[in-house]
Amino acid sequence: WVFGGIFRPVWLEVLPAIHINEFNIDAKADGLFRVSVWTNDEQNRKSAILRIYDHTNKLVIADTGAAPIANNSEGFIFGKIMKGAKAWSPETPYLYRAEVTIYGNGFPLHRVSKKFGFRTVELRQRDGIYVNGVKMKFKGVNRHCFRPETGRTLSQKQSIEDVLLIKEMNMNAVRTAHYPPDTHFLDACDSLGLF
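Owing to the predicted nature of the structure, the values given are computational and were not obtained by experimental measurement. (Residues numbered from 1 in each chain as written. Predicted model: local features only at pLDDT ≥ 70, side-chain atom pairs only at ≥ 80, totals over all residues. Heavy atoms only, no water.)

A.B. asks: So what exactly am I meant to see when it comes to the overall build of the protein here?
C.D. replies: When helices and strands are tallied, the protein shows two helices and 13 strands. Seen along its three principal axes, the alpha-carbon backbone of the protein occupies a region of about 55 × 45 × 35 Å. Counting only residues that meet the buried cut, the protein has 39% of its 195 residues in that class. The contacts of the protein with a sequence gap of at least 6 include a subset with a gap of at least 24, amounting to 58%. As displayed, the protein offers around 12,200 Å² of accessible surface, 53% of which is attributable to carbon and sulfur atoms. (Helix = DSSP H or I, 4+ residues; strand = E, 2+ residues; numbered from the N terminus. Buried < 20%, exposed > 50% of the residue type's maximum accessible area, 1.4 Å probe, protein only. Contact = heavy atoms within 4.5 Å. Areas by Shrake-Rupley, 256 points an atom, 1.4 Å probe, with all protein chains shown as cover.)

As structure tokens, then:
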């Protein structure tokens, strides 16, 4: 079926003059994590603070020790080990929230946050894929962003319904189509435990 019109979220984003462009998290199952933050400020006239919250919104880490990525760089790197970090898995999809705030002259300029899970994924040659040291067997289905009633326009509620249906069929993975899925579908996969 060919549809006309806009069927994906569209928004206009207004950002401060100095703002965060990119925010990446690499969090391993043993609690080791690294956060890189890139801004549009080439003069590096700012500082950054990283805060990590657990699933109850309790602050578990506040880190002001960001290191500039390079001299006169617009980026920062945070690196730490979180003791007692709960690992993400399909059976226990534990998520944390990382929040980065950049400051200029002591005042907050821009703040972004992102949910993430601690997990280590490794491919062992001639053996398979391991997640947090456990060999995984992926069982799943292909999914297109489509409903007969709404076409390619899907809601967050429908994304959650799809993930729950896949999990009810005792599957742990989903293959998305050749176009990017809605972000609310990816959020549902992360929060409900689906690869």
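Still more to cover.
A.B. asks: Would you explain the pattern of salt bridges in this entry?
C.D. replies: Note on pairing: side chains with opposite charge can pair once their charged atoms come close. Under the definition given, this model contains nine salt bridges. Across the pair Asp-26 and Lys-28 runs a salt bridge, and its minimum N-O distance is 3.3 Å. With relative accessibility at 39%, the residue Asp-26 sits in the partly exposed group. Given a relative accessible area of 29%, Lys-28 falls into the partly exposed group. Residue Glu-161 pairs with Arg-147 through a salt bridge whose shortest N-O separation is 3.3 Å. One end of the pair, Glu-161, is in helix H1 (residues 156-168); the other, Arg-147, is in the loop between strand S12 (140-143) and H1, with 14 residues separating them in the sequence. Looking at Glu-161, the relative accessible area reads 33%, which means it is partly exposed. When its relative accessible area of 16% is taken as the criterion, Arg-147 is described as buried. (Salt bridge = Lys/Arg side-chain N within 4 Å of Asp/Glu carboxyl O.)

A.B. asks: Help me understand the pairing of strand S4 (residues 59-63), please; the structure alone is not making it clear to me.
C.D. replies: Residues in a regular strand point their side chains to alternate faces of the sheet. Inspection of the sheet shows strand S3 (residues 47-53) paired to S4 by four bridges, in the antiparallel sense. Of the residues in S4, the one forming a bridge with Arg-51 is Ala-62. Between S3 and S4, which follow one another and run antiparallel, lie five residues, and Asn-57 among them has a positive phi close to 70°. (Pairing = 2+ DSSP bridges.)

By themselves, these figures tell us nothing about what the structure is for.
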